[in-house]
Amino acid sequence: MSDFNESAPAPRQGGIAARAMAARGTSAPDYLSGLNPEQRAAVETTEGPVLVLAGAGTGKTRVLTTRIAHILATGRAYPSQILAVTFTNKAAREMKTRIGMLVGGQVEGMPWLGTFHSIGVKILRRHAELVGLKPNFTILDTDDQIRLIKQLIQAENLDDKRWPARTFATMLDGWKNKGLAPKDIPEGDARAFAGKGRHLYAAYQARLMTLNACDFGDLLMHPIALLKANPDVLAEYHRRFRYILVDEYQDTNVAQYMWLRLLAQQPKSGRDETARPPVLRQAQDEGTMSRPSAAAGASSQIAERSSTELPHPELVEGRGSAASTINICCVGDDDQSIYGWRGAEVDNILRFDKDFPGATVIRLERNYRSTGHILGAASHLIAHNEDRLGKTLFTDRADPEDPKVEVNAGWDSEEEARAIGEAIEDLQRRENHDLNDMAILVRASFQMRSFEDRFVTMGLNYRVIGGPRFYERMEIRDALAYFRCVCQPADDLAFERIVNTPKRGLGDATVRLLHDYARERQIPIIAAAGEMVETEELKPKPRNTLRGVVADFRRWSELLPTMKHTELAEQILDESGYTEMWQNDRSAEAPGRLENLKELIRSMEEYESLPSFLEHVALVMDAEQNADTDAVSIMTLHSAKGLEFQTVFLPGWEEGLFPHQRALDEGGRSGLEEERRLAYVGITRAKRRAKIWFVSNRRIHGLWQSTIPSRFLDELPEAHVEVMEANTSYGGYGASGFGGYGASRWDGGNAFKESSYKTPGWKRAQAAQAGFAETPPRRGGDGWSGGRTREITYDAEPGSRGSGGGNGFAGRMNDGPAPGRGHNQPPKKGFGLYSSARKGGPREIQGELVAKSVADGENRFSKGDRVFHLKFGNGTVASIDGNKLTVDFDKAGQKRVLEGFVEAV
DNA sequence: CCTTGCGTACTTTTT
DNA sequence: GTACGCAAGG
């Protein structure tokens, strides 16, 4: 609350503004040197709405941070008068550091640099009571949200199987992304969930209010509602924020757009979700901050500012339309909009100049990251999209040594992993290539597995980026729930989460009783528990247990003010039996979980108290990956956005996977275009080398399916692409084999051989694709599941370029069993691989294959054999069922394991 | 109340 | 193929 009143302090000695000003040179300041003309324009056009279309690798972040430094250095605004929003904490952090580097020292006093959500919280905490919350409201994460919804669905007597809470949560998210309150949702949605859609939404919101809680969507929704309903509050913010900067504008959703429009005080226009009273006021209204009205323009701005407030009279020099005070600068790239499925509206960026009339649009097209081949390939590909503002990346760098973008074919996903693994080792060996500077970017996370398996057997260091984040892990959430109960005795969801964790015999029945009791009396569950242990309503056993739990929480709560928070946290976890629970857990993950808990306590050190820690956790916590060790990164294309690598591997470019079938089915043309943008993002991550792969067989949902090359391959320009005829060290695996064709060049000697779109392998791929393009689209199916592989025929004209990109539907390839193959077996081709794994120390991964490909009756083991298992140790075979063994392990007890996972001793 | 077994689903993910 | 969640059994 405080800094509103001190909103225009004189620059502190050594404060950011002061230092920035001191750093300012007489002519062009240091920070401007090294910018190209477009970048410089983007930095210096401070007044009026500006859209910076920043292509991949064109120095977007640099522009953004330099712009802020410039605004500060020229005295246009104080740090506290700049609103700078990003999407992720990571981006916010990076911006903070980089501004700090420009301006020198730490970025103190940029209180309004943060994510949409964190700034939303900040606004909301100040004015919580205006939307019916208390300032100390809790922020629910997805998990809490789902559990709460589930309760509501059950309360409505709906079958939670037919109406899953997950689905509702997704809908909710969609509504909130669009800024729709219960009364605003479309009729169709209102009738969803057995006609209770709207009712459930309203009930959910009501429940949040009684819990004094918000979900993530509310962090945007509430501020919007609040600002709309309270013009005086809105006016405060208008006076405060002299400059607004938005990162990754192409990712904003409707709600974020509304939020920005409100704060940017954009007057009513055609597309107006943010109707608001005209609140352009003169500065004399409030405080010392001055903000000129739209009409007042630049001159009055200077006139009104006393020397003590803003010491630099050249405040508003020239630029920008004097008639506009909307100093909003949005930076983004429509070609990198890949979050449509979670509510991002590319439209926001596409029509920026209509939303903000008179906007300056600046294109950054000079790329500093990649080679000409990579840019050429990416640009040509993305040019197939219709909905774009249009930008062409270029670079001056031209090195004839630069490799073209490679397209490689493989037999199946395992070969793909193997070949990429070898390519990585090759680069490492021949060029001393850092593993840290290589990445494998996949469309879907299931693809990661084959790489992990392969790299484990190869002994190649890798790290998976993405995955469940630290604070989403079960043990972390459990621990946090304990802390929440101690700090916020009204946190029902937290209490419900851990009453019976570790198991203490307080199951569903007891919880339901507690719940009912609490509801009836309108008190928090913990309080209800406290009361109920004094009554006869519970059975003696649960009653005594519960009494113990209640006493524990009382005790911890009392310790809260006096004890050091890290120690208290440890004590809570120990005394509750939670630590012990994992110590006794035999599973492989248990040690890791204990380690995570320690890490959690460690990370608490940085905070003052348990409550202040909890405040930050909800929004800000994530696990930093350690970059100390050299390792290849494996991640999804989505999480690769914003990163760059020397070499990038792009596997899985097959119809149905990439573009993904579901994106096609559900998104139509725009779905396809988003997939194409994803491909563009993938290629442009590479500085020097991009290696694309596709395979002809992939296992999807447990079934092997034949696949055809992605249409995106056809959209790459030949001039920048090299089609590789490949072979691997496994000889028999000619990589160019499509659906049963033998390796055409597997005798071709070492490594890769240059080829082109004219090679037989490529033509076969085309033929296959042409054939499929003719198969009628099948609607309403669930994509890849439920089919069997079908023989691919190659009777189409060789070399005929399939209609490829055009028809919007991938051919399906699931109509009958592939000849010569059981439909549930890995496609066998070549020789020796699987059988060689049977003897002589097969590794676990290959062992799995053995287990599956061995025919019945050929078992290696018989009852009574002594065997060894990596995880479970030694044991005795108790019974055999096909390739599954039941083994009595000496330590771990009886388990069913695949034959391939054990070895004879 | 806790374990076992079956059915179902299965792209992407930040806050 | 596998993981996860729910429903029935000990």
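Cut-offs and rules
- Residues numbered from 1 in each chain as written.
- Chains lettered and ligands numbered in written order.
- Predicted model: local features only at pLDDT ≥ 70, side-chain atom pairs only at ≥ 80, totals over all residues.
- Heavy atoms only, no water.
- UniProt positions renumbered as here; feature names shortened; annotations may be inferred.
- Axes fitted to C-alpha atoms, helices over the stretch in contact; angles between N-to-C directions.
- Helix = DSSP H or I, 4+ residues; strand = E, 2+ residues; numbered from the N terminus.
- Parallel < 35°, antiparallel > 145°, perpendicular 65-115°, else oblique.
- Contact = heavy atoms within 4.5 Å.
- Nonpolar A, V, L, I, M, F, W, Y, C, P; charged D, E, K, R; others polar.
- Core = buried A, V, L, I, M, F, W, Y, C linked by side-chain atoms within 4.5 Å.
- Buried < 20%, exposed > 50% of the residue type's maximum accessible area, 1.4 Å probe, protein only.
- Expected span 1.5 Å × (residues − 1).
- Pairing = 2+ DSSP bridges.
- Near = heavy atom within 4 Å.
- Polar contact = N/O pair within 3.5 Å; in protein donor to acceptor, adjacent residues only side chain to side chain.
- 1 Å grid on protein atoms, 1.4 Å probe; cavity = no way out; pocket = protein on both sides within 12 Å on 5 of 7 lines; lining within 4 Å.
- Points joined across faces, edges and corners; volume = space filled by probe spheres on them.
- Phe/Tyr/Trp six-rings, centres within 6.5 Å; stacked < 30°, edge-to-face > 60°.

Under an unreviewed UniProt entry, the name given to chain A is DNA 3'-5' helicase, and the source organism is Jiella pacifica. Check the Sequence similarities (unreviewed entry) section of the UniProt entry for chain A; it says "Belongs to the helicase family. UvrD subfamily." Of chain A, the UniProt comment under Function (unreviewed entry) reads exactly: "Has both ATPase and helicase activities. Unwinds DNA duplexes with 3' to 5' polarity with respect to the bound strand and initiates unwinding most effectively when a single-stranded region is present. Involved in the post-incision events of nucleotide excision repair and methyl-directed mismatch repair."

The next thing to look at is the packing of helix H23 (residues 540-559) against helix H24 (residues 565-575). In contact at an axis separation of 11 Å, H23 and H24 are set at 170° when each is read in the N-to-C sense. Compared by their axis directions, H23 and H24 come out roughly antiparallel. Touching Asp552, Arg555, Trp556 and Leu559 of H23 are Leu568, Gln571, Ile572 and Glu575, all from H24. Across the contact of H23 with H24, the residue classes tally to four nonpolar, one polar and three charged.

Here we come to the nonpolar core. If you look at the biggest cluster of nonpolar residues, it comprises 47 residues, and the most contacted ones within it are Leu83, Phe137, Ile244, Tyr249 and Trp259. Considering each element in turn, this core owes the most residues, eight residues, to helix H12 (residues 254-263). Sequence-distant contacts of Tyr249, that is, excluding residues within four places in its chain, are made with Leu51, Tyr257, Leu260, Cys330, Val331, Gly332, Asn348, Ile349, Phe352 and Phe356. Core analysis: the next-biggest nonpolar cluster, separate from the first, contains 46 residues, Tyr482, Leu538, Ile572 and Trp582 among them.

Let us look at the packing of helix H16 (residues 372-382) against helix H29 (residues 661-684). Put simply, H16 and H29 touch, their axes get as near as 9 Å, and they point 175° apart. As summarised for this structure, H16 and H29 are arranged roughly antiparallel, according to the angle between their axes. Of the residues in H29, those in contact with Ile374, Ala378, Ser379, Leu381 and Ile382 of H16 are Arg676, Arg677, Ala679, Tyr680, Ile683 and Thr684. Of the residues assigned to the contact of H16 with H29, the class counts are seven nonpolar, two polar and two charged.

This paragraph deals with helix H21 (residues 508-521). In a regular helix each residue adds 1.5 Å, so 14 residues correspond to 20 Å; H21 covers 20 Å between its end C-alpha atoms and thus fits that length. Backbone geometry just downstream of H21 places Gln522 in the positive-phi region, at approximately 60°.

Moving on to the sheet that holds strand E7 (residues 328-332). Across a sheet, strands are paired by hydrogen bonds formed along the backbone, either parallel or antiparallel in direction. Judged by pairing direction, the sheet is parallel, and its six strands sit side by side in the order E3-E2-E6-E7-E1-E8 without closing on themselves. The open sheet terminates on both sides in strands that have one partner only, identified here as strand E3 (113-115) and strand E8 (360-364). Strand-to-strand twist in this sheet, taken as the mean axis angle between neighbours without regard to direction, amounts to 15°. Two elements, strand E1 (residues 50-54) and E7, share four bridges in a ladder whose sense is parallel.

In this section: the protein's contact with DNA strand B. Looking at DNA strand B, there are 32 residues lining it, with Ser445, Arg469, Gly507, Thr636 and Arg662 nearest. A share of 57% of the atoms of DNA strand B within 4 Å of the protein falls on sugar and phosphate groups. At 3.2 Å, a side-chain N or O of Trp341 approaches a base oxygen of DNA strand B. Within the contact set of DNA strand B, a phosphate oxygen lies 2.2 Å away from a side-chain nitrogen or oxygen of Ser445.

Let us look at the layout of surface pockets. The volume enclosed by the second largest pocket comes to roughly 980 Å³. Forming the boundary of the second largest pocket are 50 residues, of which Thr138, Leu211, Ala213, Ala490 and Asp491 lie nearest the centre. The set of elements that each furnish at least two residues to the lining of the second largest pocket consists of strand E4 (138-139), helix H6 (142-155), helix H9 (197-211), helix H19 (474-487), helix H20 (492-498), H21 and helix H27 (610-620). Considering each element in turn, the lining of the second largest pocket owes the most residues, six residues, to H9. In terms of residue class, the lining of the second largest pocket is built from 28 nonpolar, eight polar and 14 charged.

A few words on the packing of aromatic side chains. Under the criterion given, the structure shown has 24 aromatic pairs. Summarising the aromatic geometry, the rings of Trp112 and Phe241 are spaced 5.1 Å apart at their centres and angled 80° between planes, so their arrangement reads as edge-to-face. Taken together, the residues span a long stretch of sequence, with Trp112 in the loop between helix H4 (89-103) and E3 and Phe241 in the loop between helix H11 (231-240) and strand E6 (243-246) at a distance of 129 residues. Phe241 shares its class with Trp112; the two are buried. Ring centres of Phe352 and Phe356 lie 4.9 Å apart, and the angle between their planes is 35°; this geometry places the pair in the tilted category. In this pair, the class of Phe352 matches that of Phe356, namely buried.

Once that is clear, we can look at the environment of Asp251. In this fold, Asp251 is placed in the loop between E6 and H12. You can call Asp251 buried: its relative accessible area is 8%. For the pair Asp251 and Asn348, spaced 97 residues apart in sequence, the C-alpha separation works out to 8.5 Å. Beyond its immediate sequence surroundings of up to four residues, Asp251 is in contact with Phe87, Gln256, Gln336, Ser337, Ile338, Tyr339, Ala344 and Lys641.

Right, let's get into helix H22 (residues 525-532). Taking burial as the measure, the eight residues of H22 include six buried ones, the bulk of the element. Every buried residue belonging to H22 is among Ile525, Ile526, Ala528, Ala529, Gly530 and Met532, and all of these are buried. Those residues of H22 that are buried are in contact with H19, H20, H21 and H23.

Let us now look at the side chain of Asn177. Relative to the helices and strands, Asn177 is located in helix H7 (residues 165-177). Accessibility expressed as a relative area gives 15% for Asn177, which makes it buried. Residues within four places of Asn177 in sequence aside, it is in contact with Asn253, Val254, Ala255, Arg342 and Gly343.

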